[in-house]
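# Observations on chain architecture
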Amino acid sequence: MPLPETDAPSPGAPSRKPALIRVLDRALDLVFPPRCVSCDAFGAFICDRCHADMTRAGGSRCDTCWMPLDPRSTCRRCYYQRPALLGVRSAVVYEAAARDAVLALKFRGLSAVAPLMARSMADVLAAWRPPITCIVPVPLSGQRRRLRGYNQSALLANEVSRLTGIPLRRRALIRRHHTRAQTTLTGDARWQNVGGAFRAGKEAPTGSVLLLDDVITTGATLNACARVLLSEGAGAVFALTFARED
């Protein structure tokens, strides 16, 4: 059963799952033991070995788009595209077990993997510490959400909010219409595909915002969202994803 997309509690100490939910989780694990999404080993949806083997998205990178960058160079992508985002961070590189986790969350209906992914994201956020006042997930179209049963970005945002105590604004953005999947497009077509795809919702924030998504490739979707938030009065927009496609 997919995890519910509930709004996070008010600012304060990070919350824990209710006791009943934790008991039910343990009971389900006994009946249906979790298996690693990458190697099929029993015990966890991302086993310790596969988690340890994930390539951390670190090293020399552009602070704005988080692409690998020679420290002696200027990021040509950001120079020409003038992104709306003030900064991006990702936990891991989109490959091997990290890719398997994302695909399991998006296309296999395995929402239970979201908390495991979110822990890595919360760790990155704690080290990065951008001056944010709330978290906003990238919205899905109604058609795609009905197909998947949930918005994977909202699930990750729920968990990161719960782990950090940062307020969640799940209704800050709305997807105007269904668009082609970004994975089927390349280059400028990705930017054109999401142009005008988003609008402000009922909870448009005015402070500094952290956009949250599962994967960043060109940054087209996140930047389209950032422009809407900035136009509605957000002070600055940062972005955090589980994976970065290098």
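The preceding data block contains the structure.
Residues numbered from 1 in each chain as written. Predicted model: local features only at pLDDT ≥ 70, side-chain atom pairs only at ≥ 80, totals over all residues. Heavy atoms only, no water.

### Some details on helix α7 (residues 152-164)
Since there are 3.6 residues in each turn of an α-helix, residues three or four apart along the chain are aligned in direction. In a regular helix each residue adds 1.5 Å, so 13 residues correspond to 18 Å; α7 covers 18 Å between its end C-alpha atoms and thus fits that length. Every buried residue belonging to α7 is among Q152, S153, A154, L155, L156, A157, N158, E159, V160, S161 and R162, and all of these are buried. Tucked into the core, α7 has its buried residues touching α4 (96-107), α5 (114-128), β2 (134-137), α6 (142-148) and β5 (208-216). Between a side-chain oxygen at the N-terminus of α7 and the backbone nitrogen of S153 the separation is 3.0 Å; the capping residue is N151. One or two steps after α7, the chain reaches G165, where phi turns positive at roughly 80°. (Helix = DSSP H or I, 4+ residues; strand = E, 2+ residues; numbered from the N terminus. Expected span 1.5 Å × (residues − 1). Buried < 20%, exposed > 50% of the residue type's maximum accessible area, 1.4 Å probe, protein only. Contact = heavy atoms within 4.5 Å. Polar contact = N/O pair within 3.5 Å; in protein donor to acceptor, adjacent residues only side chain to side chain.)

### Looking at the sheet that holds strand β1 (residues 87-93)
Taken together, the 4 strands give an open sheet; going across it, the order is β1-β6-β5-β2, and neighbouring strands pair in parallel fashion. A single partner strand is all that each edge strand has here, and the edge strands are β1 and β2. Ignoring which end each strand starts from, the neighbouring axes of this sheet average 25° apart. Here β1 runs beside strand β6 (residues 236-244); their pairing, made up of 6 bridges, is parallel. Bridge assignment links S90 to a residue of β6, and that residue is T241. Where α5 meets the sheet, it contacts β1, β5 and β6, and its direction lies at approximately 135° from that of β6. Packed onto the sheet, helix α9 (residues 220-231) meets β5 and β6 and runs at close to 165° relative to β5. (Pairing = 2+ DSSP bridges. Axes fitted to C-alpha atoms, helices over the stretch in contact; angles between N-to-C directions.)

### Section: the packing of α5 against α7
Here α5 crosses α7 at 55°, and the two axes come no closer than 8 Å. Classified by the angle between their axes, α5 and α7 sit oblique to one another. Where α5 crosses over α7, the two elements pack in a sense that is right-handed. On α7, the residues that touch A114, P115, M117, A118, R119, M121, A122 and L125 of α5 are L155, L156, E159, V160, L163 and T164. (Parallel < 35°, antiparallel > 145°, perpendicular 65-115°, else oblique. Left-handed = near helix turned anticlockwise from the far one by under 90°.)

### Some details on the packing of aromatic side chains
Each aromatic ring pair is characterised by the separation of its centres together with the angle its planes make. All told, the structure shown has 2 aromatic pairs when counted by the stated rule. Aromatic pair Y79 and Y80: ring centres 5.1 Å apart, planes at 85°, arrangement edge-to-face. The partly exposed category is assigned to Y79, whose relative accessible area is 48%. A relative accessible area of 57% means that Y80 is categorised as exposed. Centroid distance W128 to F238: 5.8 Å. Interplanar angle 80°. Geometry classified as edge-to-face. Within this pair, whereas W128 is found in helix α5, its partner F238 is found in strand β6, the two being separated by 110 residues in sequence. (Phe/Tyr/Trp six-rings, centres within 6.5 Å; stacked < 30°, edge-to-face > 60°.)

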